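Examination of the molecular architecture
If you want the building blocks of each chain, they are given just below.
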Number of protein chains: 2
Amino acid sequence: MKRIPSGLVFARFVALAALLVLGAHAQAQTDALPSWNDGPAKQAILAFVQATTDPASSQFLPPAVRIATFDQDGTLWVEHPMYTQVMYCLERVPALAAKKPELKQVEPFKTVLSGNREAMAKLTLPDLEKILAATLTGMSVEQFNAEVKTWLATAKHPRWDRPYTELTYLPMQEVLRYLRAYGYKTYIVTGGGQDFVRVYAEQVYGIPPEQVVGTVGGTKYGYGRDGKPFLTKEPKLLLNDNNAGKAEGIHLMIGRRPYAAFGNSTGDQQMLEYTQAGAGMRLAMLVLHDDATREYGYGPAQGLPNTRVGTFPQTLYDKAKQGGWIVISMKNDWKQIFAFQGK
Amino acid sequence: MKRIPSGLVFARFVALAALLVLGAHAQAQTDALPSWNDGPAKQAILAFVQATTDPASSQFLPPAVRIATFDQDGTLWVEHPMYTQVMYCLERVPALAAKKPELKQVEPFKTVLSGNREAMAKLTLPDLEKILAATLTGMSVEQFNAEVKTWLATAKHPRWDRPYTELTYLPMQEVLRYLRAYGYKTYIVTGGGQDFVRVYAEQVYGIPPEQVVGTVGGTKYGYGRDGKPFLTKEPKLLLNDNNAGKAEGIHLMIGRRPYAAFGNSTGDQQMLEYTQAGAGMRLAMLVLHDDATREYGYGPAQGLPNTRVGTFPQTLYDKAKQGGWIVISMKNDWKQIFAFQGK
């Protein structure tokens, strides 16, 4: 191999450094939120980031306190016709019954195994809880992670026939990246299972496991036959990360009040209230699903129906308007919804 | 103002970039752990960081998974004659009794108020739990934080007559900084109260609240008279972050297995086991308090007594030796113990 003179290496390094600096500068000049139409929602995000990260601003925040929290289902990705995690639990039942054949004759597993969609739609909350407990607990953390990973690689959304992980909202992905580029730590604060979301959050949203706050069950420490320690997922609820639980979960896992929070339903109300109640400039936003053509239409506006998932009644809409929260209209504020749809 | 030609600005930038690069290189040549004597403990830390952060190494770890966890009491700072948090709770009793005079006639508060040290030393665990519940719960998160901050500013350790926050071990502070300089995220994983430690961890150790894992109670979301939401600390235990609870707490709060873990007692055993049981190179270390002159002498070596805090029996010592954990001798491995003692 020919040796390169060290002076030349240094010159190349300098050229590269210069390119990186100029590149970063050029990027700052371009639109950080290209999938957003210009309007009050986009302007609110840009103004918030500008005001809280410009050292000359009266609202400047030191990087350590820049915390932004995001609900997941209905805020970062599609929650219809059913939460992805519930899909997972239902689709795990056959594998579970293969291991434990006695379940085949027991409700609600019998109904799920029948594949009768009408009967499945009538499952009650206690029925669902039994299915969740059976498919989300009783195995090691590593085994659970592997099962979720396998499922995500093959499962597809019934409407778009694509992996669930492709059904994230491009405009919200841009907000995540934009906030991080300005020193914000981005967290998911979800009513979904913390361990479930952790399996894909890093790959899908760039959010590491330690920044996923969710509904959590306990684990139990024990030793395998090889003497090695492992954790078993237990059917014991530590935190229901919905409604008031979202503010409590934020205190448990982060210990600081967020400066920005994003949600889409009554389950996010307390997180937004808690965020907004802190001193200084805050940003509280709600995604409104008013685009039945490109996604789904539900919520209070334009006579849209409320559904079992992502409840957004008129009272929440009124609260948002009173509290200075900003409602994001998927129809009007988002130029594009999914990355796969192209520009 | 004279305009500086842009070519000159660029040249200055290049010179600065070069200086930064050379500066970083020069720093790497100096001793990252100057308060450590050369020996197996220091060498193990240096070798671990070198092997896991050098891209050419077979043990190289991507930055995202570089997690290191540290017990606090007895590992990062002094735990004798009593855990700092227990000191806090005992010293809060007079203020509490001033607000709730009925406590003055009720045990164990009566004994604490008497100031009789002999009687206080005989308080049972249920007595202590009553005192902890009364002084750590029942107020808002903000009020608690303010009370702890006020106490820390004035309270002093009986032996050194200095604030508790000055009684951190300089060699461990160096390890924290060294690991962070190489991309490790450093966490405290303490049996102490998560909210208590969060009040000072950022200032004292450079560890932000979201990287403090501890024993946690629940909080309850509610609204003040002004309509503003706040969280009240509840006397409800969510996680006892000791023994097996340390591994469970790591999963709850971090969701990844650490690559390095540091402790000093039986309460840290499972955290070290759990860390060590992962694939690849791991570092598990135990601080042995064998320096009765400069700090305290307790543990299994040299006939040192076991005490109520920081139990380190011979069985743990044997386990460490079998498992390839490294025991840090305060007497032999640490050149200096506290920053205030000077070199």
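Just so you know, the residues in each chain are numbered from 1, in the order the chain's sequence is written. Going through the entries in the order they are written, you letter the chains from A and number the ligands from 1. With the structure being a predicted model, the display of local features is reserved for residues of pLDDT at least 70 and the display and counting of side-chain atom pairs for 80 or more, all residues being used for whole-chain, interface and lining totals. Excluded from the side-chain calculation are hydrogens and water; included are all heavy atoms of the structure.

All right, on to the pairing of strand 4 (residues 229-239) of chain B then. All names here are of chain B. Both strand 3 (residues 212-223) and strand 4 contribute to a ladder of 7 bridges, which runs antiparallel. If you follow Lys220 over to strand 4, its bridge partner there is Thr232. In this antiparallel pair of consecutive strands, strand 3 and strand 4, the connection spans 5 residues, and Gly227 shows a positive phi of 85 degrees. Criterion used throughout: strands pair if DSSP finds at least two bridges between them. In this description a helix means any DSSP run of H or I spanning at least four residues, a strand means any run of E spanning at least two, and both kinds are numbered starting from the N terminus.

A separate point is the relation of the copies chain B and chain A. We superpose the copies by least squares over the C-alpha atoms of residues that have a pLDDT of at least 70 in both of them. Note on the copies: chain B fits chain A at an RMSD of 0.0 Å, the axial shift is 0.0 Å, and the rotation between them is 180 degrees. In symmetry terms, the pair is related by a two-fold rotation axis. Here, residues are in contact when the closest pair of their heavy atoms is within 4.5 Å. Counting the interface residues of chain B, we find that 100% of their copies in chain A are interface residues as well, pointing to one common contact surface.

Geometrically, the link from A:Glu107 to A:Pro108 is a cis peptide bond, its omega value of 0 degrees lying close to zero. Structurally, A:Pro108 can be placed in the loop between helix 3 (84-99) and helix 4 (109-114). Put simply, B:His80 and B:Pro81 share a cis peptide bond, and its omega is 0 degrees. Within the secondary structure, B:Pro81 is located in the loop between strand 1 (67-70) and helix 3 (84-99). A positive phi is found at B:Asn243, a non-glycine position, where the angle reads about 55 degrees.

So, on to the interface of chain B and chain A. Facing the 42 residues of chain B at the interface are 42 residues of chain A. The buried area of a pairing is the accessible area, by a 1.4 Å probe, that goes missing from both parts when the two are put together, added over both. Approximately 3,600 Å² of surface area, both sides summed, lies buried where chain B meets chain A, with 57% of it carried by carbon and sulfur atoms. The working definition used for a salt bridge is a side-chain nitrogen of Lys or Arg within 4 Å of a carboxyl oxygen of Asp or Glu. Counting the contacts that link chain B with chain A gives 8 salt bridges. Between N or O atoms, a polar contact is any pair within 3.5 Å; within protein, one atom must be a potential hydrogen donor and the other a potential acceptor, and residues adjacent in sequence are included only when both atoms are from side chains. Remark: the boundary between chain B and chain A carries 26 residue pairs in polar contact (both at pLDDT 80 or more). Listed by contribution, the elements that provide at least two residues to the side of chain B that touches chain A are helix 1 (6-29), helix 7 (141-154), strand 2 (185-193), helix 9 (194-205), strand 3, strand 4, helix 10 (244-253) and helix 11 (269-276) of chain B. Here the side of chain B that touches chain A takes 6 residues from helix 10 of chain B, the largest share from any one element.

This brings us to the environment of B:Phe262. Residues and elements named next belong to chain B. Looking at the element boundaries, Phe262 is found in strand 5 (residues 260-263). Looking at Phe262, the relative accessible area reads 1%, which means it is buried. For the pair Phe262 and Glu118, spaced 144 residues apart in the sequence, the C-alpha separation amounts to 34 Å. Once residues lying within four places of it in the same chain are set aside, the contact partners of Phe262 are Thr69, Phe70, Asp71, Thr75, Met172, Val175, Leu179, Met271, Leu272, Leu283 and Met285. Each residue's exposure class comes from its accessible area (1.4 Å probe, protein chains only) as a fraction of the maximum for that residue type: buried when under 20%, exposed when over 50%, partly exposed otherwise.

Evaluation of the coordinates by the stated rule reveals 26 salt bridges over all chains. A:Glu210 serves as the salt-bridge partner of B:Arg256, at 3.2 Å between the closest nitrogen and oxygen. Pair noted here: B:Arg256 is in the loop between helix 10 and strand 5 and A:Glu210 is in the loop between helix 9 (194-205) and strand 3 (212-223), and the two residues belong to different chains. With respect to class, B:Arg256 is no different from A:Glu210; both count as buried.

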